[in-house]
Amino acid sequence: MQCRVLGPLDLRCGGVSGDLTAPKPRKVLALLLIHADRVVPIDLLTTELWDDEPPASALTTLQTYILQIRRMLARTCAMDPARVARELLVTHADGYQLHLEGSSLDLHEYERLADQGRLAQLCGDHAHASRLLGAALAVWRGSALVDVRLGPVLRVEAQRLEEARLATWKQRIDADLELGRHREILGELGCLAARHPLHEDLQAQYMIALYRAGRRTDALDAFRRLREVLIDELGLEPSRRIQRVQHAILTADPVLDTASALDTAWTWDSAVGGAELVAAGRGPA
């Protein structure tokens, strides 16, 4: 059985797709998939379905949704419904467990590739890290659970997954910058920076890529935009780390041309004073 949550919720078995369309049973299925092979407590399921105001019939209604999911699984996987209840979607004293052993869940494939990519990056194999992290990102087919009406529990889960995706994206860009691929990733990085205007690490990556591509003015403009957004929305100056990157760009510091420029900037001490003056509007701009 193949299951997808990193995009539209979908289950397939032998080319046959599951056809569960009612919103609340889909919520239950989504939680079971995200916590596949683990028991999902009844309390967690009822919170997702009804928040803090479950009806008196909540348990009976949840059992009805479980029955609908089992029937869908039986049709999709061509299994006897009783076998589905025994082996696939199992009832426990305090919840339900969806067994996916031997099945393919896109979330598990993403996490496997992302973990391997991070390990390759730690080992200094940036080319392999870029391939693995890129493959992990390619597993996604849109936002997590994009076609499920998210309740309080799934909303947190979807946000967690999206934050993990962004971290993986940043790590893959780190690997590409280490490999000198700044020109190749400028378009992609510019889109990410525009979509996440408060994400300082992405903005720093974008500034360094622009600088390396011979676009120092654009790199400084990116810093100015970041500073304006931070001040307007949060009343904050940019962090000391990204001020160091800006100062290095202003002074054309050779460290920006090295593979580890971003890591170096994060621990730089020599540029701190000048960078803070620039960020505060008391130095060159």
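In the block above lies the structure referred to throughout.
The shown structure was predicted, so the numbers you read here are calculated from the model rather than taken from an experiment. (Residues numbered from 1 in each chain as written. Predicted model: local features only at pLDDT ≥ 70, side-chain atom pairs only at ≥ 80, totals over all residues. Heavy atoms only, no water.)

Visitor: Would you mind going over the overall build of the chain with me for this structure?
Guide: When helices and strands are counted, the chain shows 13 helices and seven strands. Here the chain, with 285 residues, has 47% of them falling under the buried criterion. Considering only contacts within the chain whose residues lie at least 6 apart along the sequence, 65% involve residues at least 24 apart. (Helix = DSSP H or I, 4+ residues; strand = E, 2+ residues; numbered from the N terminus. Buried < 20%, exposed > 50% of the residue type's maximum accessible area, 1.4 Å probe, protein only. Contact = heavy atoms within 4.5 Å.)

Visitor: Mind showing me how you'd approach the pattern of salt bridges here?
Guide: Opposite charge on two side chains lets them pair, provided their charged atoms get close. Tallied over the full model, the rule gives 16 salt bridges. With a shortest N-O distance of 2.9 Å, Asp-174 and Lys-170 are connected by a salt bridge. Of this pair, Asp-174 and Lys-170 are both found in helix H7 (residues 152-178), four residues apart, which corresponds to roughly one turn of the helix. With respect to burial, Asp-174 and Lys-170 carry one shared label: buried. The residue Asp-176 makes a salt bridge to Arg-181 at a minimum N-O spacing of 3.0 Å. The exposure class of Arg-181 is partly exposed, given its relative accessible area of 30%. One network of salt bridges, in which partners are shared, links Arg-172, Asp-176, Arg-181 and Glu-188. (Salt bridge = Lys/Arg side-chain N within 4 Å of Asp/Glu carboxyl O.)

Visitor: So what exactly am I meant to see when it comes to the packing of helix H9 (residues 200-212) against helix H10 (residues 216-234) here?
Guide: Each pair of packed helices can be summarised by the angle the axes make with each other and by the distance between the axes. Where H9 contacts H10, the two axes come as close as 7 Å, and the packing angle between them is 160 degrees. In this view, H9 runs roughly antiparallel relative to H10, as classed from their interaxial angle. Two packed elements cross with a definite hand, and for H9 against H10 that hand is left-handed. Touching Glu-200, Gln-203, Tyr-206, Met-207, Leu-210 and Tyr-211 of H9 are Arg-216, Asp-218, Ala-219, Ala-222, Phe-223, Arg-225, Leu-226 and Leu-230, all from H10. Among the residues making up the contact of H9 with H10, the classes are represented as nine nonpolar, one polar and four charged. (Axes fitted to C-alpha atoms, helices over the stretch in contact; angles between N-to-C directions. Parallel < 35°, antiparallel > 145°, perpendicular 65-115°, else oblique. Left-handed = near helix turned anticlockwise from the far one by under 90°. Nonpolar A, V, L, I, M, F, W, Y, C, P; charged D, E, K, R; others polar.)

Visitor: Help me out: how do you make sense of the side chain of Gln-121 in this one?
Guide: Residue position: Gln-121 is located in helix H5 (residues 106-122). In this structure the side chain of Gln-121 is engaged in a polar contact, spanning 2.8 Å, whose partner is the side chain of His-126. (Polar contact = N/O pair within 3.5 Å; in protein donor to acceptor, adjacent residues only side chain to side chain.)

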